[in-house]
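Residue-level structural notes
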Amino acid sequence: MKITDAKVFITSPGRNFITLKIYTDEGIYGLGDATLNGRELAVVSYLQEHVVPCLIGRDAFQVEDIWQYLYRGAYWRRGPVTMSAIAAVDMALWDIKGKALNTPVYNLLGGKSRSGVMVYGHANGETLEETVDEVGRYLDMGYVAVRAQSGIPGLKGVYGVGRGKLFYEPAEKGLPPEQTWSTEKYLNFAPKLFKKIRETHGDDFHLLHDCHHRLTPIEAARLGKESEPYHLFWLEDTVPAELQEGFRIIRQHTTTPLAVGEVFNTIYDMTTLFTEQLIDYIRMSVLRGGGLTHLLKVAAMASIYHIRTGFHGATDLSPITMAAALHFDLAINNFGIQEYMRHTPETDAVFPHAYTFEKGFMYPGDAPGLGVDYDEKLAEKYPYDRAYLPVNRKLDGTMFNW
Ligand code: KDG
Ligand code: MG
C-alpha cells in the first residue's frame, strides 16, 4: 500500500490543533496529531516543507522503517518540533494499518491487557476550599483518580487554575500572559491542601498533584516528605528535568511516588531516571515522544525497572493523541494511569471519536485503526488563532519556569 499524499490541517475549535492526514493508493487514509501548544506553525512548516515530500511513494505498512528514516535521516535529531512531526506520521501510519487490517490499533500492539484504562481528571479551584469541592465533584462523576491544583493566597494566576472547569486551558491569545511565583508560599500551602482533601473525601481514591517544574531537588524532597501522610498516587514534574541526576536527591528523602516526562521527546531523556529507578511513572506522550513506535521501546525499557506509564493527556493534545494513548494503555503490561483533560464539545465535534469514558475508566472502542476522524468542513469554521502559554516570574520579577 503506497502513500500518495499527505496534508496538514490547522483548526482552532477553542484552541489550536494541527492534524496530519496521510492518503494511500487503496483509498485508506490515516490521521496523526502534530499540535505543539504555543509553537504550532513550526511543526506545520516542518511537516509541509521537510517531511511530506519524503513520504510520497513509501509503503504505508513499513512503520518502523519510516520512523527510523525520519528520525535518523534528519541528522538534526530530537526536540519537540521534530518529534511531534514524526509522531504525527507514526500515528497516521498505525491508523492506516489498523483500518487496512480491519482491527483496532490495540490489537496490533499486543491485544487487550486489561478491560479499561484508568484515567485521572483535573480538579482545580481559585482557593483551597473551592479545590476541595471540585475534587468531590470529580468523585461524584465516577473518577477513581483526581489531580488537585489550587490558587495560592498572594500569587496571581497559578498553574492549574485556568479558564473553565472541565476544560482547563492555559494558552491565551495575544502575547504570553505573565504569572507570579513564590516557592515559599507554595510549599507552605500544598500539604494543607492535601490534608484537607483527605479529611473531606477520605482515602479511597487516588490523589495526584503537578508541581510543573518549579522546585529544586531539596525543595521537592521537602514536599514529597510532607505529603507522605496523604499518600499521593504521584507528585509530578517537581523539578525541571533537564538534569536527570537531580532526582537522586529527591529519591533519597521521600517515598512519595514521582512522575515526570511530559516535556521529554526521546528515550535518551530518561535513561538515568530509568536505570537508577529514580521515578515511578513516565509521562512522555504519544505526540511529544515520536509516536507509538518509539513509545513501545520506552515502555519496554521502563518495565525492566518497575516503572509504569502515566501519559500526558492535556487538552493541547488532540483527540487523535488521546485515542492513540488509549490503544497503547490498553495493550501494554506496565500501564499505570492516563491523564484525561476533557476537550470542549466544539473540539469533540471536529474530531468525532470512538473512545468513551465511564466511571473513571476509558475505552478506545473497537473501530478499525485509532477510531478518530476529522471533520474538514466543520474545522474550516475555526481558523488558526495565535496563542501562547504563560510565562512565570518570581515576586521580585526574576524570570522563572512556568
Ligand atoms: O501545554 C502545556 C500543558 O500541556 C501542560 O501545562 C499540562 O502540565 C500539564 C499536565 O500535566 O497536563
Ligand atoms: Mg504536567
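Below is a summary of the structure that appears in this document. Keep in mind that what you see is a predicted model, and the values were worked out from it rather than measured.

**Overview of the overall build of the protein chain**
For the protein chain, the count of helices and strands is 13 helices and 18 strands. Here the C-alpha radius of gyration of the protein chain, 20 Å, is about what a compact globule of 402 residues would show, namely 21 Å. By residue count, 59% of the 402 residues in the protein chain fall in the buried class. Contacts in the protein chain between residues far apart in sequence, at least 24 positions, make up 73% of those at least 6 positions apart.

**A look at the coordination of the magnesium ion (ligand 2)**
Only Asp210 (OD), Glu236 (OE) and Glu262 (OE) from the protein reach the magnesium ion (ligand 2) as donors, at distances of 2.0 to 2.2 Å. Along the chain, the residues that donate to the magnesium ion (ligand 2) are spaced as D-x25-E-x25-E. Taken together, the residues span a long stretch of sequence, with Asp210 in strand E8 (residues 206-210) and Glu236 in strand E9 (residues 234-236) at a distance of 26 residues. With relative accessibility at 2%, the residue Asp210 sits in the buried group.

**Quick look at the pattern of salt bridges**
Side-chain pairing between opposite charges can occur once the charged atoms of the two side chains come close. Evaluation of the coordinates by the stated rule reveals 18 salt bridges. Note that Glu64 and Lys297 form a salt bridge whose closest N and O atoms lie 3.1 Å from each other. With Glu64 in helix H2 (residues 63-73) and Lys297 in helix H10 (residues 292-304), the pair connects residues that are 233 residues apart, well separated along the chain. Residue Glu64 is classed as partly exposed on the basis of its relative accessible area, which comes to 37%. Note that Glu262 and Arg283 form a salt bridge whose closest N and O atoms lie 2.9 Å from each other. Within this pair, whereas Glu262 is found in the loop between strand E10 (258-260) and helix H9 (271-275), its partner Arg283 is found in the loop between strand E11 (281-282) and H10, the two being separated by 21 residues in sequence.

**Describing the packing of helix H1 (residues 40-55) against helix H3 (residues 80-100)**
Running from amino to carboxyl end, H1 crosses H3 at an angle of 50°, the nearest separation of the two axes being 10 Å. When the axes of H1 and H3 are compared, the pair comes out oblique. Where H1 crosses over H3, the handedness of that crossing is right-handed. Facing Ala42, Val43, Tyr46, Leu47, Val51 and Leu55 of H1, the residues of H3 in contact are Val81, Thr82, Ser84, Ala85 and Val89. When the residues that make up the contact of H1 with H3 are grouped by side-chain class, the tally is nine nonpolar, two polar and no charged.

What counts and what doesn't
Residues numbered from 1 in each chain as written. Chains lettered and ligands numbered in written order. Predicted model: local features only at pLDDT ≥ 70, side-chain atom pairs only at ≥ 80, totals over all residues. Heavy atoms only, no water. Helix = DSSP H or I, 4+ residues; strand = E, 2+ residues; numbered from the N terminus. Rg over C-alpha atoms; globule rule 2.2 N^0.38 Å. Buried < 20%, exposed > 50% of the residue type's maximum accessible area, 1.4 Å probe, protein only. Contact = heavy atoms within 4.5 Å. Donors = N, O, S within 2.8 Å, 3.2 Å for Na, K, Ca; no water. Salt bridge = Lys/Arg side-chain N within 4 Å of Asp/Glu carboxyl O. Axes fitted to C-alpha atoms, helices over the stretch in contact; angles between N-to-C directions. Parallel < 35°, antiparallel > 145°, perpendicular 65-115°, else oblique. Left-handed = near helix turned anticlockwise from the far one by under 90°. Nonpolar A, V, L, I, M, F, W, Y, C, P; charged D, E, K, R; others polar.

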